[in-house]
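# Commentary on secondary and tertiary structure
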Amino acid sequence: MTSMQSGTNTATMAGSSGEKRPASDNSPRYIVDKAVAPGLTQEVAPGVHWLRMPLPFPALDHINLWLLDEGDDFVIVDTGMGDDQTKAIWNQIFSGPMAGRHANRVICTHYHNDHAGLVGWLTERFNVELWMSQGEFYASHSVYSEVASHQPSRMYDMYRVNGLSDTILEQMLERRNSYRVNVRHFPPSFRRLLDGDTVRVGGNDWKIIAGYGHSPEHSALYCEELGVLIAGDMVLPRITTNVSVQATEPNGNPLDLWFRSLERHAQLPPETLVLPSHGLPFRGLRDRLAFIRKHHEERLEELVAFCSTPKTTAQVLPTLFHRELDVHQTGIAMGEALAHLHYLMYEGRLRREVDREGFIRFVAA
Ligand SMILES: [Zn+2]
């Protein structure tokens, strides 16, 4: 299903042609050659510890989390999925590398369930606050409670008018709200993070950089003293981040928001150490951002060519995704394809046509 329900929609375009490039001088420069083992931590910058949790997805089997030293305490950045396996690994961390120490707050980059699945459990365990942007806090509660236009049926309606077959829609309807399954409970209050805010941790200032297009109000954290960016899902070294139109904003232009957000992250020093939520820590931020931009630009060109005659969004999926998509991936792919089609429409390169039955098609302008 899409991010609205599962919350885990980091990357769907990983298998598309743009990622299959040979290694070049512009490739991410990893600072390690293998990942930290589950249950252990690895210091990747002074006072910045890396840990890793499993994810139950064939295409994405892990998430990176971070612990920041603050005297005898530490700060948790992102939590992993809300499942028993992840809790067990956290318990290993607390009785192992972090034994005798206390978390004094939980910072969350965004509401998706692989990042926020255990914020309720962790904030209660240490009796501390959740720090998060307002957009993400409200999104979590809205998706969890299926309020207003966060109801799954709204999303299926959006897919239907964009050409998805009833057979696939029926399979989607059989699925549960996996956000509720994987998050379980979410704190009723939070400390608000805003773009440009500085969060002081252990003698270092971490600046919040808001990012848009992947989630409502993503917070990356940048520490100038350390030259470190905790990137969340804004910059990933190996896969591209999902950017989708959501049923809450069916005429939205999230790819434009995404591009503008990438430009802001590209203003950081080129030698910044990037700590991504998926993949290995790396340097080469600007080259990676330029590659991501180019990847989307190539998809946009392919779409313009393909839409020489009117096409529904469902019809363009094989152009964007060169592989079989299961039901879950199809939902994400629809959102992502719509994001690209809307971008082209707002650029004036495609036109949107709505037929008498309400079905939407895009055609070269
Ligand atoms: Zn995400």
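Let us look at the structure shown here.

## Focus on the overall build of the protein chain
When its secondary structure is counted, the protein chain shows eleven helices and 16 strands. What you see for the protein chain is a C-alpha radius of gyration of 20 Å, in line with the 21 Å of a compact globule of 365 residues. A principal-axis box enclosing the C-alpha atoms of the protein chain has dimensions of 65 × 45 × 35 Å. Within the protein chain, the proportion of its 365 residues that are buried is 48%. Taking the intrachain contacts of the protein chain between residues at least 6 apart in sequence as the baseline, contacts between residues at least 24 apart amount to 69%.

## Details of the sheet that holds strand E8 (residues 191-193)
On the basis of which strands lie adjacent, the open sheet formed by seven strands has the order E2-E3-E4-E5-E6-E7-E8 and mixed pairing. Since the sheet does not close on itself, it has two edges, and those belong to strand E2 (42-45) and E8, each with one partner. Ignoring strand direction, the axes of neighbouring strands in this sheet form an average angle of 35°. Pairing of strand E4 (residues 60-70) with strand E5 (residues 73-77) involves five bridges; the strand directions are antiparallel. Looking at E5, one finds that Glu70 is bridged to Asp73.

## Concerning the packing of helix H8 (residues 254-265) against helix H9 (residues 285-306)
Here H8 crosses H9 at 160°, and the two axes come no closer than 10 Å. Judged by the inter-axis angle, H8 sits roughly antiparallel to H9. As H8 runs across H9, the sense of the crossing is left-handed. Mapping the contact onto sequence places Leu255, Phe259, Leu262 and His265 in H8 and Leu289, Ile292, Arg293 and His296 in H9. Taken together, the residues of the contact of H8 with H9 break down into five nonpolar, two polar and one charged.

## So, the environment of Ala365
Mapped onto the elements, Ala365 comes out in the segment after strand E16 (360-364). Not counting chain neighbours up to four residues away, the residues in contact with Ala365 comprise Gly348, Arg349, Leu350 and Arg351.

## Things to note about the pairing of E5
Most of E5 is tucked away: four of the five residues are buried. Counted between consecutive antiparallel strands, the loop separating E4 from E5 contains two residues, among which Gly71 sits at a positive phi close to 60°. Examined bridge by bridge, E5 and strand E6 (residues 102-107) share five bridges and lie parallel to one another. The residue of E6 that forms the bridge with Val75 is Arg105. Between the parallel elements E5 and E6, the chain passes through helix H1 (residues 84-95) in a crossover that is right-handed.

## Observations concerning unusual backbone geometry
A positive phi angle, near 70°, is found at Asp78, a position not held by glycine. Positionally, Asp78 belongs in the loop between E5 and H1. Residue Asp78 is classed as buried on the basis of its 26 C-beta neighbours within 10 Å. Phi angles above zero are rare outside glycine, and Glu146 is one such case at about 55°. Structurally, the position occupied by Glu146 is in the loop between helix H4 (134-145) and helix H5 (152-161).

## Examining the environment of Val235
Positionally, Val235 belongs in the loop between strand E12 (228-232) and H8. Sequence separation of Val235 and Glu298 is 63 residues, and the distance between their C-alpha atoms is 18 Å. Setting aside anything within four residues of it in sequence, one finds Val235 in contact with His265, Val274, Pro276, Leu285, Arg288 and Leu289.

## Details of the nonpolar core
Counting 61 residues, the largest nonpolar core has Trp66, Leu229 and Ile230 as its most contacted members. Among the elements that make up this core, the one with the highest residue count is E4 (six residues). Not counting chain neighbours up to four residues away, the residues in contact with Ile230 comprise Trp66, Val77, Ala220, Leu221 and Leu275. By size, the runner-up hydrophobic cluster in this structure holds 30 residues, among which are Met155, Tyr156, Met172 and Val316.

Parameters at a glance
Residues numbered from 1 in each chain as written. Predicted model: local features only at pLDDT ≥ 70, side-chain atom pairs only at ≥ 80, totals over all residues. Helix = DSSP H or I, 4+ residues; strand = E, 2+ residues; numbered from the N terminus. Rg over C-alpha atoms; globule rule 2.2 N^0.38 Å. Buried ≥ 20, exposed ≤ 12 C-beta atoms within 10 Å, placed from the backbone. Contact = placed C-beta atoms within 7 Å. Pairing = 2+ DSSP bridges. Axes fitted to C-alpha atoms, helices over the stretch in contact; angles between N-to-C directions. Parallel < 35°, antiparallel > 145°, perpendicular 65-115°, else oblique. Left-handed = near helix turned anticlockwise from the far one by under 90°. Nonpolar A, V, L, I, M, F, W, Y, C, P; charged D, E, K, R; others polar. Right-handed = clockwise from strand over helix to strand, strands pointing away. Core = buried A, V, L, I, M, F, W, Y, C linked by C-beta atoms within 7 Å.

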